[in-house]
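# Breakdown of the fold
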Amino acid sequence: MKRLLILLLLLSLSLAPLARNQQLVSDLNVQRTIKFGTLAAGTITPAQLTADQNDFNPTGLASAFVVRLSSDASRNITGLVPGTAPAGRMLILCNVGAQPIVLADESGSSTTANRFAFSGDYTLAADTAAWLVYDDSSTRWRLIQTTSATLAATYQPLDATLTALAGFNTNGMLAQTAADTFAGRTIAGTADRISVTNGDGAAGNPTLDIAATYAGQTSITTLGTIGAGTWQGSVIGGAYGGTGAANTGKTITLGGSLTTSGAYDTTLTVTGATNVTLPTAGTLATLANAVPLLKPYALAPTPCLVKTGADTIAVAANTKVIINGTMLVTFASQTAATIDTGSITIGTDYAVYATNAGTAVFSANFSAPSGYTTTTSQLIGGFHYAPGGNAHTTLGDGPILSRGTTDTAIASTAFDFSIGGTWYAKAAVPAGTAIPAETVTADKWALYRLSIIADGTITVTPAAGNVAGYADEASAITALPALPGSSAAMGYITVQTKTGFAWIAGTDALAGGSSGNVANATNYYPESASGAQINEYSIWDLKFRPACADPRGMTLIAGGFWMDIYICGTSTDVAGSSKYGSTIADGASPPKIPAAFGGNGTTTYGTLTWFEASELAAAYGKQLPSYSELIVASYGVTEQTSRNLEPSTTQLDAPRTSKWGVMQATGNIWVWMRDLLFIPHTTALTGTPPADADFETWINVSKTLGGKSITESRGSVYTYGNNGISAGLFGGPWYNGSYAGSRASDWGAAPSASGNNIGARFACDHLVLP
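Residues numbered from 1 in each chain as written. Predicted model: local features only at pLDDT ≥ 70, side-chain atom pairs only at ≥ 80, totals over all residues. Heavy atoms only, no water.

### A word on the pairing of strand E4 (residues 90-95)
Let me state the cut-off plainly: Burial classification: accessible surface area is computed with a 1.4 Å probe over protein chains only, and a residue below 20% of its type maximum counts as buried, one above 50% as exposed, and the rest as partly exposed. Secondary structure elements are taken from DSSP: a helix is a run of H or I of four residues or more, a strand is a run of E of two residues or more, and numbering for both begins at the N terminus. Two strands pair if DSSP finds at least two bridges between them.
Counted residue by residue, E4 has five buried out of six residues, so it is predominantly covered. Relative to strand E7 (residues 129-135), E4 runs antiparallel, the two being bridged by five bridges. Looking at E7, one finds that Ile 92 is bridged to Trp 131.

Okay, structure coming up:
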């Protein structure tokens, strides 16, 4: 280093103009005007750098030529103060420490005149140096040279191999024949087999080709892949991997072994595009007459469709469906069904289909979903999307969610819930349920879903994107996780992190708490007990369904029989016997006569008696429900209450909706029961007749056999002696709540009675097929 400094000093002295009369003195201190500084005093060693340095100006820098630097870690120097006469000044920066020091290129952290102008940041590694000069025109420090370590990393050192290559002067391909020895080579072909152009590469790239005179050779024993051309050889026999036939225009693809046995011909005939998956073992049978739905044994007593949310449904795992008698579709895992078009509508029945694409679709169309036909899809079941009430939900009163007394957890009030048709009660959890630990990015939203299983265990499921966070609450809500299996939904919460801080679930409090970085906002969305949802008791499939022909508008009561969700309407010929939004059929608005009993699609009954209601039920494969069935089907209504206004259409009346989702079950209109009651009449011939005028018209007070004209001119009802007959009415009217309830009945009406306060509701048996 000293040699380099003396050489530079002498060089600069030789170039300095001197006046003629000026003598060259031996004391070199006269050269202080040269920007190196005094050599003896030109080396400084500032204190170790412990932070980045801006406008760096250590003591002695103004007169220094060599600056010895060290740092405790990688540190930046963004500029050096050049002194009062900077033009042409040179500095050598030496890193005598073990940590790198970075000279930051054009950093705005230092004054303009103190900055470095390099092609980029320059790192002064340990035990290296950099030589700088100050450019007065651009007012920047610039790099003159680096130490030999940089040169060694830049240039290839001389060795014998390079020397040998430098002496090579032969055209053609280069080949190393021994250590540090090279020779020229030329690619040569074989006459009448391989032709070569530019074999030595001097005139262009060598080209190899089959010789035009090549006639083949008998020495080829292995044939590779033939990627192009036309095969025009003879038919290949089976012994050599062929078919033994000229399959002109046909495609034969075998992905595995095909073995046949026996002396009989095997013929496969297809009539269109065919995709068949063969079983791994067993005997094949035609699918043409097979039952379309093949359910896992474990699902036999339950439908193969699973409610997964308020408006979502899925096909259970391992369900198999035969489509068009030719294609078998297997749902290996639980598969969500998607709506074919539009959005789900309240009060509507939906059919669920398996498609030839291996997907599940639900549709309001009971022929085929949009985009499919009866040959590309197969109906497997369905459900009713109810307008509300407490039957189709998995909750009773529903929980209220809030921040727990443990302010990082979610509290819930007491509520009832149902799983698989069985109801359970859950006590309040004031301390709250813990949220799984995760860190949500600052200034983002997260979502957590709550669900509960039969033993009362509450689970909090985070949304998949919580750690990265969601830009807004709406985005978080769209990422609501799927409901875990065998559980009931409780609702969900959304959390917005504290401004500028990440939010750690389980450590930081929900909004309103005090632990850690408290969330900026927490919103609670409990599962609604009365909002529109899929009625889980209305779910059916081809092997688990009402025994009548049309399963729409029905709900399964206690797993034993099916009941119409709605009161019978006037247009059963087009809407069926149970339809949301229908005009209620009663004595003032009688229904159309069904075709099975002489109807023509226009003519209506003149009344709605017990007899007419019985005919109407039978026309749709149903029957009037018994008193005991109606009692069970009406369980869960608000007792001894009524609507207080005559209902005109079938609709939601939540307080009087049963657990099973039977709408307007009580307190709306009396409905006929299947039961008949024989009433003994004890009044003597000379006594006072019953106060009820109806009794006088249809009870024969004679103690002898007598006929009663109560059949609308279709014969007489005979009772013995003082006995009479009546048909039961159920549920109670809209005008008197004290009459209404889940066991309310009236046994004082003749089967021939009719009025605007008497309607009908139908039921049928439960069908379970293996």
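### Details of the sheet that holds strand E29 (residues 458-462)
Definition in use: Note on geometry: axes are C-alpha line fits, over the in-contact stretch for helices, and angles between N-to-C directions span 0 to 180 degrees.
The antiparallel open sheet is built from four strands, whose spatial order is E29-E28-E30-E32. Since the sheet does not close on itself, it has two edges, and those belong to E29 and strand E32 (521-526), each with one partner. Averaged over all pairs of adjacent strands, the angle between their axes in this sheet comes to 20°, without regard to strand direction.

### A look at the sheet that holds strand E22 (residues 401-403)
If you trace the three strands from one edge of the open sheet to the other, you get E22-E23-E26, paired in antiparallel fashion. Whereas interior strands pair on both sides, the edge strands pair on one side only; in this sheet they are E22 and strand E26 (429-433). Taking each pair of neighbouring strands and ignoring which way they run, the sheet shows an average axis angle of 40°.

### Things to note about the side chain of Ser 377
Let me state the cut-off plainly: Residues count as neighbours in contact if any of their non-hydrogen atoms are within 4.5 Å of one another.
Relative to the assigned elements, Ser 377 resides in strand E21 (residues 377-386). If sequence neighbours within four positions are ignored, Ser 377 has contacts with Ile 323, Tyr 353, Ala 354, Thr 355, Ala 368, Pro 369 and Tyr 372.

### Here's the deal with the confidence of the model for the protein chain
Spelled out, the test is: Every residue carries a pLDDT, the predictor's confidence in it, which falls somewhere between 0 and 100.
For the protein chain, the average pLDDT comes to 82, and 78% of its residues sit at 70 or higher. Contacts from residues 1-41, a stretch scored under 50 in pLDDT, to residues over four places away or in other chains number 31 contacts. Of the regions scoring below 50 in pLDDT, residues 681-707 engages in 49 contacts with residues more than four places distant in sequence or in other chains.

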